[in-house]
Amino acid sequence: FRELKKKINKDQIIIIRSSVFPGVCNKIQDILKSKNSNISYCPERIVQGKSLIELPKLPQIVSAFNNKAKIHSATLFKNITKKIIFSSILEAELIKLFSNAYRYINFSISNQFYMMCKDLGLDFNKIREFMRDNYDRNINIAQAGFTAGPCLLKDTMQLSSFFKHKFLLGNSAMLVNENLPIYIVKKLSEKVKLRNKIVGILGMSFKAENDDIRDSLSIKLLKYLKS
């Protein structure tokens, strides 16, 4: 942003889209305020790989340091999506981080249940279907599986850091999700002597139908198997 400051003029609107640590937008304002104060934070909330589908459907959060940035940013996004939600800067920063942490924790619940079932010799998928069958309160329980990628863990840990590591649910979710590859190898090694065996891993991206390997737990699984 110090580099950007050399290139912008006072009338331009600067829209921040990335997930940021709470308070970062204020730091950006401090850097740019002598040159430009038209800064808005409009967090992007689409699922990776679904941008063209979700962008027109999802309400857009708009926050800004002044009315000019607020109005211009809202006008831009009204061309893309129907609903605009106005919030303060800090609220918008937390909306994005809370959203990803919420999903990360939800996935960890299913992963914990999966490991509990596995230890009992039961099929979590079967139990999950019975839980959801005509019972709306359980309809959103996630499938078990690797929970990774460049957003969910990072944003959960940003919240943990911001709240001085008192985000107990987030920390517990990290332990559950990040240890799933180790648990799988442990269970596999109880059935098969893995030394000198060839193990095939089908897919190295962090989720299906995607080519992004950032923070992929498949890579963690690979490293653990090699060890």
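Bear in mind the structure is a predicted one, so any value in this text is a computation, not a measurement. Per chain, residue numbering runs from 1 following the sequence as it is written. pLDDT decides what is reported in this predicted model: residues at 70 or higher carry local features, side-chain atom pairs at 80 or more are listed and counted, and totals for whole chains, interfaces and linings draw on all residues regardless. Working from all heavy atoms in the structure, the side-chain values ignore hydrogens and water.

**A look at the packing of aromatic side chains**
Each pair of aromatic rings is reported with the distance of its centres and the angle of its planes. Centre distance within 6.5 Å is the pairing criterion for rings of Phe, Tyr and Trp, where only the six-membered ring of Trp is used; planes under 30 degrees apart are then read as stacked, over 60 as edge-to-face, and the remainder as tilted. Using the criterion set out here, one finds three aromatic pairs in the structure. Pairing F21 with F162 gives two aromatic rings, centres 5.6 Å apart and planes at 80 degrees, and the pair type is edge-to-face. Pair noted here: F21 is in the loop between β1 (14-16) and α2 (24-32) and F162 is in helix α7 (residues 152-162), with a separation of 141 residues, a long-range link. Accessibility here uses a 1.4 Å probe with only protein chains present; expressed as a share of the type maximum, an area under 20% marks a residue as buried, one over 50% as exposed, and anything in between as partly exposed. With a relative accessible area of 30%, F162 lands in the partly exposed category. With a centroid separation of 5.0 Å and 85 degrees between ring planes, the pair formed by F162 and F163 is classed as edge-to-face. Overall, the relative accessible area of 39% leaves F163 in the partly exposed class. Think of it this way: any DSSP run of H or I at least four residues long counts as a helix, any run of E at least two long counts as a strand, and we number them from the N terminus.

**Focus: the pattern of salt bridges**
Each reported salt bridge corresponds to a side-chain nitrogen of Lys or Arg within 4 Å of a carboxyl oxygen of Asp or Glu. Using the criterion set out here, one finds eleven salt bridges in the structure. Between K33 and D30 there is a salt bridge, and its shortest N-O distance comes to 3.7 Å. Here K33 falls in the exposed class, since its relative accessible area comes to 52%. Linking K187 and E190 is a salt bridge whose minimum nitrogen-to-oxygen distance equals 3.6 Å. Of this pair, K187 and E190 both sit in helix α9 (residues 180-191), three residues apart, roughly one helical turn. With relative accessibility at 18%, the residue K187 sits in the buried group.

**Some points on the sheet that holds β1**
A pair of strands counts as paired when DSSP detects no fewer than two bridges linking them. Read across the sheet, four strands follow the order β1-β2-β3-β4 without closing on themselves; strand pairing throughout is mixed. A strand with exactly one partner marks an edge of an open sheet, and here the two such strands are β1 and β4 (84-86). On average, adjacent strands in this sheet sit at an angle of 30 degrees to one another, irrespective of strand direction. Bridging between strand β2 (residues 39-41) and strand β3 (residues 60-64) involves two bridges; their strand directions are antiparallel. Opposite S40, over in β3, you have A64 as the bridge partner. Any two residues having at least one pair of non-hydrogen atoms within 4.5 Å are treated as being in contact. Each axis is a line fitted through C-alpha atoms, taken for helices only over the stretch in contact, and angles between the N-to-C directions span 0 to 180 degrees. Running over the sheet, helix α5 (residues 89-119) touches β2 and β3 and is turned about 145 degrees from β3.

Keep in mind that these numbers describe shape and distance, not what the molecule does.
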